[in-house]
Amino acid sequence: MSRETVLRALASARSDAEAIAVELAPHAERMDEQERFAPEVLELLARRDVWGRLHHRSAAGLRPLLSVQCAWVEAFAARCTSTAVLIQSQGTVAHSLALSSSSQARRHLAEMREGALFGWALTEPEAGSDVLGMHTTAHRTRQGYVISGEKRFITNVGLAGHYLLFARTRPERVNDALSAFVIAADAPGLSVTRVERKMGLRGSPTGDLSLAEVFVPSADRVGKEGQGLEIMLNTLRLSRPLIGAVSVGVARAAYQQARDVLANHDEARAIPREQQGVGHLLARIATDVIAARALLYAIAERADLTQTLPPMWHSAAAKSFCSDVAMRAADHACSLAADRAVSQSSPLQRIFRDAKILQIFEGTNEIQRNAIARELPNLAAEIESAFELSLERGGDA
Ligand SMILES: Cc1cc2nc3c(=O)[nH]c(=O)nc-3n(C[C@H](O)[C@H](O)[C@H](O)COP(=O)(O)OP(=O)(O)OC[C@H]3O[C@@H](n4cnc5c(N)ncnc54)[C@H](O)[C@@H]3O)c2cc1C
């Protein structure tokens, strides 16, 4: 695919997404306060055909362009983080499905383009960073599998009609121990046991699932038996940049809020903008946002141009760098706004709470740095050369 095609698709996605994102802004505070996703936002996303555009196939007929998905997620996160996480989580499931060529996976992808919502269920009480600690088990029967276990902290519980769920099909701690399945949310034996009350991302429902002997036909297995870990890792290579995109949007929102507070000060409480300390904080946020965005889209565009998965360390770099920038931007913006940030009516306190979670989920930033550190022996050449060259040369997970 040519660079011109990717850049044209990206420019068009940016302008469409920014126009729709403006309509989200009024819902962000209410969803945070009410701790629930607003049905009106789901209606808005359907009316504007966001799902069709987000999961569209690229001009080359392959998977959706990662840079285009990042543009949608970034624009939405700049107005409402919970909505951005909803579309990011759908992107994650779509990538897992697209990695399997089965007719069931194609059917589910078509349903997603029509707005069907899914959850991606990997984490368990004893399997967070260490996914091979997973206890949920899928026992083979003649017609399919019987799945029992527990999942924790799953995004979209209660909203999703289906879950893409990982379970153990072999007891040993080996690479082919896991398999992936699609399970209907109303399957007998599957229940939501808890909806978490969270510090941030409060409009995005997160909760626990219990599976008590849930029957799943063989046709609903995604990929081959034992391919679960591979599907999960390949999905993370595409989904972690999407968390990077949420983070760039949140950092942008923090900058915007800080600038507005300084612009709108009244004379009695003038904030001395010309003071070096104030200017330096704004300069730091602005530079961080520009750097995070440049890294994110360089990585996404390379994956689109080459139609390959980003190497694991690229995805880890995008996720950890951009989410650290979001947290730092939120922190600096709150320092600048001072008492205006801590008020319940200030968007900054929500942005600050949302930003912290970006460093934690989809693999903590410590886990991302492990992935980068594993590549250190191969990274010396990358550091010596221009990043552009290193992107063209590529590399692998
Ligand atoms: C809002 C939210 C939404 C989520 N949505 C989903 C979802 O949709 N689907 C899903 O499957 N999961 C989801 N999760 C779970 C999320 O991905 C995990 O919380 C995350 O991967 C971290 O796992 P953990 O919380 O078990 O931390 P732990 O693994 O218990 O880690 C605890 C601490 O130890 C550190 N640590 C652990 N191992 C290492 C190591 N090897 N090296 C260095 N440091 C280490 C971690 O960095 C962390 O600081 C969600 C979580 C949140 C908060």
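These remarks concern the structure in this document. (Residues numbered from 1 in each chain as written. Predicted model: local features only at pLDDT ≥ 70, side-chain atom pairs only at ≥ 80, totals over all residues. Heavy atoms only, no water.)

Concerning unusual backbone geometry
A negative phi angle is the norm for most residues apart from glycine, just as the trans form is the norm for most peptide bonds.
Step number 1: Of note in this structure, glutamate 213 is not a glycine but carries a positive phi near 50 degrees.
Step number 2: On the secondary structure map, glutamate 213 appears in strand 7 (residues 206–217).
Step number 3: A relative accessible area of 62% places glutamate 213 in the exposed class.
Step number 4: Positive phi values are uncommon outside glycine, yet glutamine 307 reaches one of about 50 degrees.
Step number 5: Residue classification places glutamine 307 among the partly exposed residues on the basis of a relative accessible area of 22%. (Helix = DSSP H or I, 4+ residues; strand = E, 2+ residues; numbered from the N terminus. Buried < 20%, exposed > 50% of the residue type's maximum accessible area, 1.4 Å probe, protein only.)

Considerations on empty space enclosed by the protein
Step number 1: Within this structure, the stated rule accounts for 1 cavity of 30 Å³ or more.
Step number 2: Counted as a void, the largest cavity has a volume near 40 Å³.
Step number 3: Residue lining of the largest cavity: Ala28, Met31, Asp32, Cys80, Thr81, Ser82, Arg202, Gly203, Arg350 and Asp354, and that is the complete set.
Step number 4: Taken together, the elements giving at least two residues each to the lining of the largest cavity come down to helix 2 (25–34), helix 6 (81–98) and helix 12 (347–358).
Step number 5: For the lining of the largest cavity, the element with the highest residue contribution is helix 2, accounting for 3 residues.
Step number 6: Split into classes, the residues belonging to the lining of the largest cavity amount to 3 nonpolar, 3 polar and 4 charged. (1 Å grid on protein atoms, 1.4 Å probe; cavity = no way out; pocket = protein on both sides within 12 Å on 5 of 7 lines; lining within 4 Å. Points joined across faces, edges and corners; volume = space filled by probe spheres on them. Nonpolar A, V, L, I, M, F, W, Y, C, P; charged D, E, K, R; others polar.)

Focus on the site of the ligand
Step number 1: Around the ligand sit 20 residues, and of these Trp120, Thr123, Ser129, Phe153 and Thr364 come closest.
Step number 2: Between the ligand and threonine 155, the relevant distance is 2.8 Å, taken from a nitrogen atom to a side-chain nitrogen or oxygen of the residue.
Step number 3: Taken by itself the ligand offers 980 Å² of open surface, and the protein chains cover 63% of this.
Step number 4: Placement of the ligand is best described as lying within the largest pocket.
Step number 5: Only strand 1 (118–121), strand 3 (144–155) and helix 13 (365–374) provide two or more residues apiece to the shell around the ligand.
Step number 6: Here the shell around the ligand is built from residues that sort into 9 nonpolar, 8 polar and 3 charged. (Near = heavy atom within 4 Å. Polar contact = N/O pair within 3.5 Å; in protein donor to acceptor, adjacent residues only side chain to side chain. Areas by Shrake-Rupley, 256 points an atom, 1.4 Å probe, with all protein chains shown as cover. Sits in = over half its atoms within 2 Å of the grid points.)

Considering the side chain of glutamine 359
Step number 1: Its place among the elements puts glutamine 359 in the loop between helix 12 and helix 13.
Step number 2: Setting aside chain neighbours within four positions, we find glutamine 359 in contact with Lys319, Ser323, Asp324, Met327, Thr364 and Asn365. (Contact = heavy atoms within 4.5 Å.)

Details of the layout of surface pockets
Step number 1: For the largest pocket, the calculated volume is near 1200 Å³.
Step number 2: Lining the largest pocket we find 44 residues, and of these Thr123, Gly128, Arg240, Glu362 and Gly363 sit closest to its centre.
Step number 3: Those elements that provide at least two residues to the lining of the largest pocket are helix 6, strand 3, helix 8 (228–263) and helix 13.
Step number 4: For the lining of the largest pocket, the element with the highest residue contribution is helix 8, accounting for 7 residues.
Step number 5: By residue class, the composition of the lining of the largest pocket is 20 nonpolar, 14 polar and 10 charged.

Topic: helix 7 (residues 103–113)
Step number 1: Among the residues making up helix 7, those that are buried are Gln104, Ala105, His108, Leu109 and Met112. Take helix 7 and look down its axis: the buried residues cluster within an arc of 140 degrees, on one side only.
Step number 2: On its buried side, helix 7 packs onto helix 4 (50–54), helix 6, strand 1, strand 4 (162–168) and strand 5 (178–184).
Step number 3: The first or second residue beyond helix 7 is glycine 115, which carries a positive phi of 105 degrees. (Arc of directions from axis to C-beta.)

What about the packing of helix 8 against helix 12?
Step number 1: In contact at an axis separation of 10 Å, helix 8 and helix 12 are set at 155 degrees when each is read in the N-to-C sense. Judged on the interaxial angle alone, helix 12 and helix 8 are roughly antiparallel. Where helix 8 crosses over helix 12, the two elements pack in a sense that is left-handed. Between helix 8 and helix 12, the residues in contact are Ile243, Val246, Ser247, Val250, Ala253, Ala254 and Gln257 and Pro347, Leu348, Ile351, Ala355 and Leu358, respectively.
Step number 2: Among the residues making up the contact of helix 8 with helix 12, the classes are represented as 10 nonpolar, 2 polar and no charged. (Axes fitted to C-alpha atoms, helices over the stretch in contact; angles between N-to-C directions. Parallel < 35°, antiparallel > 145°, perpendicular 65-115°, else oblique. Left-handed = near helix turned anticlockwise from the far one by under 90°.)

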